[in-house]
Structure formats: C-alpha cells, structure tokens
Amino acid sequence: MINITLPDNSVRKFEAGVTGLEIAASISEGLARNVLSAKVDGEVWDATRPIGHDAQVQLLTWNDKEGKSTMWHSSAHLMAEAIEALYPGAKFGIGPDIENGFYYDVDTGDRMITDADLPLIEAKMKELAKQKQTYRRREVSKQEALDYFNKKGDEYKLELISELEDGKITFYESGGFVDLCRGPHVPDTGHIKAIKLTSIAGAYWRGDEKRKQLTRIYGITFPKSKELEDYLQLIEEAKKRDHRRLGKELEIFTFSQKVGSGLPLWLPKGAELRERLEAYLKKVQKAAGYESVITPHIGNVELYKTSGHFQKYGQESFRPITTPVEGEEFFLKPMNCPHHCEIYKYKPHSYKDLPIRYAEFGTVYRYEQSGELHGLTRVRGFTQDDAHIFCTPDQVKDEFKGVMAIVMKIFKALDFDNFVTQISLRDPDNKEKYIGTDENWEKAEKAILEVAEETGLETVIVRGEAAFYGPKMDFMVKDALGRSWQLGTIQVDYNLPDRFELEYIGSDNEKHRPVMIHRAPFGSMERFVAVLIEHCAGKFPLWLAPVQAIILPISEKYHAYAEKVLSLLQNSEVRAEIDTRSEKTGKKIRDAELKRTPFMLIVGEKEEMDETISVRKQGEGDLGTFSVDGFAEMIQKEIIKLVSDKK
RNA sequence: GCCGAUGUAGCUCAGUCGGUAGAGCAGCUGAUUUGUAAUCAGCCGGUCGGCGGUUCGAGUCCGUCCAUCGGCUCCA
C-alpha cells in the first residue's frame, strides 16, 4: 500500500500502481469523469499512469491551467492523427499546447494544406474524438525510436530524437497514430468535445529562417461546445477593440499607400491626443531634471559608424541619402542616441554637471520587413519619447530607479496594470552579436539586476534579447488579441560612451568615462497610443479625450444658447463642440456614443429657461440637470482625480 | 523577407456560369424643428488595388507587382 497526499493534506492509502483516474473515482464519479491529468510530486502525469510510491497528488481538470495544457496537447495529437489519416505520408514537426489552444507543424509535401482543408480536418478530429481513443504511453529506447521514424521517413522527428538522451524517450499512441512525446495526455479523446481550427501559417522548422518552412495549423478545443461559443464570442469582442479599427472609427490615424506603408498619418483628433500625452510626460520630465534638446532627422554615415549602428544595421536600413556634388552619405536617423552623444561633447563636462539628462521626442525611421508592419504598433517611422542620461558610475542605480519611477507613474496614470517587466541580457553564446567589452557588459547587467532586486519589482529574465550595445529592462503590455508589445524601455550602456569617447573631469582632476542610460517610458508614441486605444476600448480617460463634451441642441431654436454654453465651457477649459445638424436628438446621441464622447450636453427649452444643461455620460446614460459652472467643476474634479490621485 | 488568405464607392459588404457594377451607412440638397442609441425623400459617388495576358467580351480566368490580414523570421 502507498500513501497518497491530496491538496487538502488528507492522506489516503491505495495499492501501489494506482492511477490518478482511480484516485479520482474513489472521491467521486464526477471528478473521475472530468480528470484530465494528475500532478504527481509536482510533475504533471497522465491520469492513467500508475503511481508506484508515496506521493503528493493533485488531480487536474479543465479548471486548472495544467489541465487545459494537457487537453490542448492531446488535441494537437488528435489533429495530427486526423491529418495523417487524410494526407498519408504527412511528416510532423512539433505540436505543443500554447496559451490559447495548440498548434502542430506539418509537412505534407506537395499537397499543401490550405484554409479549405481546415473544416475537413476538424470533421475528422470530431470523428476520431468520438471513438474515445485512449492515449497510451510507452517508454522506448533511442534506437527503437530512431528505427520507427526512419521507417516512417519523418526527418523532423529523427532530428528531435537524435538530440534526446537514451532512456528518457517516450512514445504515445492513440488510434493508429504514434508520436514522439513527453506527455502527458488526457485519458481518452472523448474529453475533446468542441473543436475549432483557427488559422494556418507558415513557420520555419526550429524557428530558423534558413530552414524549411512547415505548415503550422492552430486550433483550440473545449470540453463543452458552449465554452467554444463563448471563446469565439470573446475573440469577436476583442476584435472590436483592435486599434486599427478604432483608430479609423475615432479618426485617430490613417495610412496612405501613396505616402508609404508603415508611415502613419496622425489625424487632428489623434494629434490632439498625442500632444496631450507628450505635454504630460514633458511636465513629469521637467520636474525630474530633464532638459530638452532637438536634433535633425538625418545624420552622416560616419556618426553611425562610430556608434556601431552602421555595421549592425547598415544593410537593413533605408538606403542612404547622398549629396549631389560631394557624394556625402546620410542616413535617416534610426536612433537618437548618437546625436545626443554629440550634444554631450559640445563642451567639456565636470562631474559636478552630472547627471545630464537630454530629452527629445525624436522621430526615427527604420526599415521593417514588409511582413512585419502592423497598424501603429510596428511602423517604419515613429517618434520615441527618448532621453539619454549621462552620469557617473556611482549614479547609475539612482538614475535607473528615477526612470523606473517615471514609467510606473505613467502606467499608473493610464491604468496600465497588466504589464510584464522583462530584463533582457546578452546571449553569452553569441557574443559577436554585441559591441563592447565583457567587463562593460557585466557591469551594465549587474546594475540592472541589482536595481530590480532592490526595487522588488517582479521581473522575467530573458537571455539574448539585449540591445547590441547594452542590456535593458522593458515593460511589455498585451494588445486586445493577446499579443505582447514592448512599451517602455530602460537601457544601461557602457559601450557608446567608449565609442564616442565621452568624458567628464572627476574630483581627482582626471578624465573619466560617463555611463549612458537610454530610456523611453512610452517607447514610441505610435505604439503607446495603439495599446492605449485597445486598453480603454476607445474610451480615453477624460483628460486625454480629444473632445470632452458635445453639446446637442434639441432643435435649431437652441443653437444660440448652445453657443453660449460652448463659450462658458471654453472659458473653463473644457474641450467641447456643438452638433448643429438638423437631426433628431436620438440620432445625435447615438453618434456621440459611438464616437465615445465622454459627455453629451442636451440643451432645449427647459435648459435655456433655467440656464442649465442636461448631462448624459457616455456608456452610462442620463446624469440629470447641471448648471454650466457645476458641470465644468465636475469635469475638472474628475480630471484631477484621474491624474493626481494615482501618483 | 517567407507561408497562406484577402483587395469592389469614404466605411461595411453583395455581385450566379465570363456578357463593361449594386445595397446600407457616410457625404451633398431639400423637407422636417426634433428630448436621451438611427426622421423622410432626392442626388452625388467606382479605371472593381496596379500592370500585363487569355477571350468577340474580364470585377469574374491566368501571370506579375503592390497593399492589407493571420502567423514565421526580424525588431537599434
């Protein structure tokens, strides 16, 4: 007999070799029906795998994250089985579960799988699922594994197996389909009730663009069809928040093929919004000791040779601009830092001057691959809320913390609470990708890791994601469809000061090298506004809304009174407009609601008589009657609450 | 850049078997003078993404380029 400890710390005795499924059955029939896998001493196992010794066991169902993973991983196998049945000879790459569902990379040779095949595969999967095929785990030797896939002719699996250690290789079989797999899997395919194959895409084998591109099929499954319906509904709702759609509807930005792809055009309402964000940050930065600088949009190629950008990115940049007579080469600036380094050098500096903080909303241009462009989040011309801090080595940590405080303040002011802080370090196995000495890199990485430690901020550390001149701390935020984007960034750099030979005179009267911190709390205005739009679904915080209130006269008779209200509001610095169209009030309200105008002020006979306005709040409805002053005061209070309470 | 899909009026979309385009909304004009999510009528609006080809004839078929969308790769 063995002792099984359950999550509530109760201990039950079972015969050795008991399975998760049997434990579930001993608790309740319902649990046994729903159990997908079992966590045994911290490791997720098949619910059908015998447990041979005393263990902590947690039964996993659809309500557990790991239960969902098990289900989706099994679904990937089910899909592969269906594909093998429909397209004999198909070869398989990898087929993992992901955040929302699963995918499998397949190579069907000349018979390309297209969107039209998805319903067929789906139908086959449903058919196989109904058969309640069990997933059977089998340990195999490396030789046995190689022999099997050699015979099958699947070079992808062979490559994967060749990298595995003998004695740790398992196969899973369901129906007639055998796959190399670590597991675990659900007990049988009957658990997979609702199936939706969502999309199809090309994906390079092992993520290497020099290798063959396989067909990746994405899908998601659920134990109940209602849940699938809910999920699809949720996706539809999320699409409505897409900044590309809302940006158009709310007249924030547009693109023109004639101007060029990836080059956003800010419309008046978008420009208004952006200017407000910029003004806000400028105020915060001024208070934090930043000074504004302004630099041109192009720079001599020599500047970028000094910085190292030319060597690293020269070939994948917009082609240089040349002067007609001398043939000098200029690049559209892809970064502001080289220019700022040259500003630092315009005169000698004393340690007493430091830190120096140069800030610029600098517009930069980068050639992004055509397939990468994406609304406002990935563009070829964008404006960074950039600044470079030049400081002594002793000041690095305090300056870094100061920047973090600005980022947090901004995120808080805009209710961005779902961000992930990522620390990006150099890939130690690929040092040639970076410039600078090991010593400088170690100092810079140490500084960031220490600051993270000291501030207690939860971070994710990723190796190989650093900038080529230094490590960084990035603030990542997800868009409406769950895609992660980098917004704010803080980078510690010991290398550019070397390359530009930046100096300051220390208290010892000797020359020293300053340290640079690159930072952009928004990241870029384009991406930030994109994420902001999705975050608030177009309902901007009152202080940012391009139009805060729209006055809706009941009829033409009240236009004069509307004008009066408008001028009173303008005196109180409320941004307002009048809808003078000859439309019914219901129509005007509908349009204002759709434009997400925060307040609608209805004025008619009653209001004119009493010198009042009838206030309706977007998304909420009628708030009742207010005096103009009372309303202006309410708006101002709300703005103060929105902006200052959160500091 | 790669794989796949898509591209028809400002927007959202229809257009059968190849016979030179249609709706709603928006816009304009007029009527209406409107009370908390769509008043009515008329009008304007399209080299059917560009270029080439097949055909008596192409929005429709073929090729190519461009753009957009979903991924992959990349992202100073």
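What you are looking at is a predicted structure, and each value in this text was computed from that prediction instead of being measured.

(A) How the structure looks around the overall build of chain A. Secondary structure assignment for chain A yields 20 helices and 33 strands. Projected onto the principal axes, the alpha-carbon positions of chain A cover approximately 80 × 75 × 55 Å. By the burial criterion, 49% of the 647 residues in chain A qualify as buried. Here the analysis covers contacts within chain A between residues at least 6 apart in sequence; of these, 68% occur between residues at least 24 apart. Carbon and sulfur atoms provide 49% of the accessible area of chain A, an area that totals close to 31,600 Å². For chain A, the distance from the average position of its 91 positive side-chain charges to the average position of its 105 negative side-chain charges is 2 Å.

(B) Inspection of the protein's contact with RNA strand B at higher detail. Taken together, 57 residues lie near RNA strand B, and Gln213, Met335, Ser370, Glu372 and Ser614 sit nearest. Sugar and phosphate atoms represent 50% of those atoms of RNA strand B found within 4 Å of the protein. Here a phosphate oxygen of RNA strand B and a side-chain polar atom of Tyr313 are 3.4 Å apart. A distance of 3.1 Å separates a sugar or linking oxygen of RNA strand B from a polar atom in the side chain of Arg616. Looking at which element gives the most residues to the surface near RNA strand B, the answer is helix α18 (residues 585-594), with seven residues.

(C) Broad picture of the pattern of salt bridges. Applying the stated criterion to the full structure yields 49 salt bridges. The residue Arg216 makes a salt bridge to Asp105 at a minimum N-O spacing of 2.7 Å. Residue Arg216 is found in strand β13 (residues 213-222), and its partner Asp105 is found in strand β8 (residues 101-107); the two are separated by 111 residues along the sequence. For the pair shown, Arg216 and Asp105 are each scored as buried. One salt bridge in this structure joins Glu159 and Arg211, with 2.8 Å as the shortest N-O distance. One end of the pair, Glu159, is in helix α6 (residues 155-162); the other, Arg211, is in the loop between β12 (194-204) and β13, with 52 residues separating them in the sequence. When its relative accessible area of 19% is taken as the criterion, Glu159 is described as buried.

(D) Just helix α17 (residues 559-571), in detail. With 13 residues, α17 should cover 18 Å at 1.5 Å per step; its first-to-last C-alpha distance of 18 Å lies within 8% of that length. Looking only at α17, the buried set comprises His559, Tyr561, Ala562, Val565, Leu566 and Leu569. Within α17, the buried residues cover an arc of 155° as seen down the axis, which keeps them to one side. Structural note: α17 exposes Ala560 and Asn571 on the side pointing more than 90 degrees away from its buried face.

(E) Fine view of the packing of aromatic side chains. Applying the stated criterion across every chain yields a total of 27 aromatic pairs. Their ring planes at 85° and their centres at 6.2 Å tell us that Tyr304 and Phe331 sit as a pair that is edge-to-face. Here Phe331 lies in strand β19 (residues 329-332) and Tyr304 lies in helix α10 (residues 301-307), a separation of 27 residues in the sequence. Among the residues examined, Tyr304 registers a relative accessible area of 2% and is labelled buried. For Phe331, a relative accessible area of 5% gives the class buried. Between Phe411 and Phe475, the ring centres sit 6.0 Å apart and the planes meet at 80°, which makes this aromatic pair edge-to-face. In this pair, Phe411 sits in helix α13 (residues 396-413) while Phe475 sits in strand β24 (residues 472-478), placing the two residues 64 residues apart along the sequence.

(F) Spotlight on the confidence of the model for chain A. With 99% of its residues at a pLDDT of at least 70, chain A reaches an overall mean of 95. Overall fold confidence for the complex sits at a pTM of 0.94, while the interface term, ipTM, reaches 0.95.

(G) Spotlight on the nonpolar core. Within the largest apolar cluster, 55 residues are counted, with the highest numbers of intra-cluster contacts made by Leu277, Ile410, Phe411, Leu414, Phe416, Phe528 and Phe540. Considering each element in turn, this core owes the most residues, nine residues, to α13. The contact partners of Phe411, leaving out residues within four places of it in the chain, are Phe416, Phe419, Phe475, Val477, Leu487, Gly488, Pro521 and Phe528. With 36 residues, the next largest nonpolar core counts Leu78, Phe92, Ile121 and Cys181 among its residues.

(H) Expanded view of unusual backbone geometry. A cis amide bond links Gly183 to the next residue, Pro184, at an omega of -5°. Examined against the element boundaries, Pro184 turns out to sit in the loop between β11 (177-180) and β12. Here the amide bond leading from Leu354 into Pro355 is cis, since omega sits at 0°, within 30 degrees of zero. Considering the arrangement of structural elements, one finds Pro355 in the loop between α12 (337-344) and β20 (356-365). The backbone phi angle of Ala537 is positive, close to 50°, even though this residue is not glycine. Tracing the sequence through the fold places Ala537 in the loop between α16 (525-536) and β29 (549-553). Judged by its relative accessible area of 16%, Ala537 is buried.

(I) Fine view of the packing of helix α9 (residues 268-287) against α13. For the pair α9 and α13, the least separation of the axes is 11 Å and the interaxial angle reads 145°. Relative to α13, α9 is oriented so that their crossing is right-handed. Within the contact between the two elements, α9 uses Tyr280, Leu281 and Val284 and α13 uses Ile406, Lys409, Ile410 and Ala413. Its residues placed into classes, the contact of α9 with α13 shows six nonpolar, no polar and one charged.

(J) Quick peek at the packing of α13 against helix α14 (residues 438-455). At their nearest, the axes of α13 and α14 sit 10 Å apart, and the two run at 60° to each other. The angle between α13 and α14 falls in the class oblique. Handedness of the crossing formed by α13 with α14: right-handed. For the pair α13 and α14, contact is made by Val396, Lys397, Phe400, Lys401 and Met404 and by Ala447, Ile448, Glu450, Val451, Glu454 and Thr455, respectively. Of the residues that constitute the contact of α13 with α14, the class distribution is six nonpolar, one polar and four charged.

Rules used throughout
- Residues numbered from 1 in each chain as written.
- Chains lettered and ligands numbered in written order.
- Predicted model: local features only at pLDDT ≥ 70, side-chain atom pairs only at ≥ 80, totals over all residues.
- Heavy atoms only, no water.
- Helix = DSSP H or I, 4+ residues; strand = E, 2+ residues; numbered from the N terminus.
- Buried < 20%, exposed > 50% of the residue type's maximum accessible area, 1.4 Å probe, protein only.
- Contact = heavy atoms within 4.5 Å.
- Areas by Shrake-Rupley, 256 points an atom, 1.4 Å probe, with all protein chains shown as cover.
- Lys, Arg positive; Asp, Glu negative; His and termini not counted.
- Charge placed at Lys NZ, Arg CZ, Asp CG, Glu CD.
- Near = heavy atom within 4 Å.
- Polar contact = N/O pair within 3.5 Å; in protein donor to acceptor, adjacent residues only side chain to side chain.
- Salt bridge = Lys/Arg side-chain N within 4 Å of Asp/Glu carboxyl O.
- Expected span 1.5 Å × (residues − 1).
- Arc of directions from axis to C-beta.
- Phe/Tyr/Trp six-rings, centres within 6.5 Å; stacked < 30°, edge-to-face > 60°.
- pLDDT = per-residue confidence, 0-100.
- Core = buried A, V, L, I, M, F, W, Y, C linked by side-chain atoms within 4.5 Å.
- Axes fitted to C-alpha atoms, helices over the stretch in contact; angles between N-to-C directions.
- Left-handed = near helix turned anticlockwise from the far one by under 90°.
- Nonpolar A, V, L, I, M, F, W, Y, C, P; charged D, E, K, R; others polar.
- Parallel < 35°, antiparallel > 145°, perpendicular 65-115°, else oblique.

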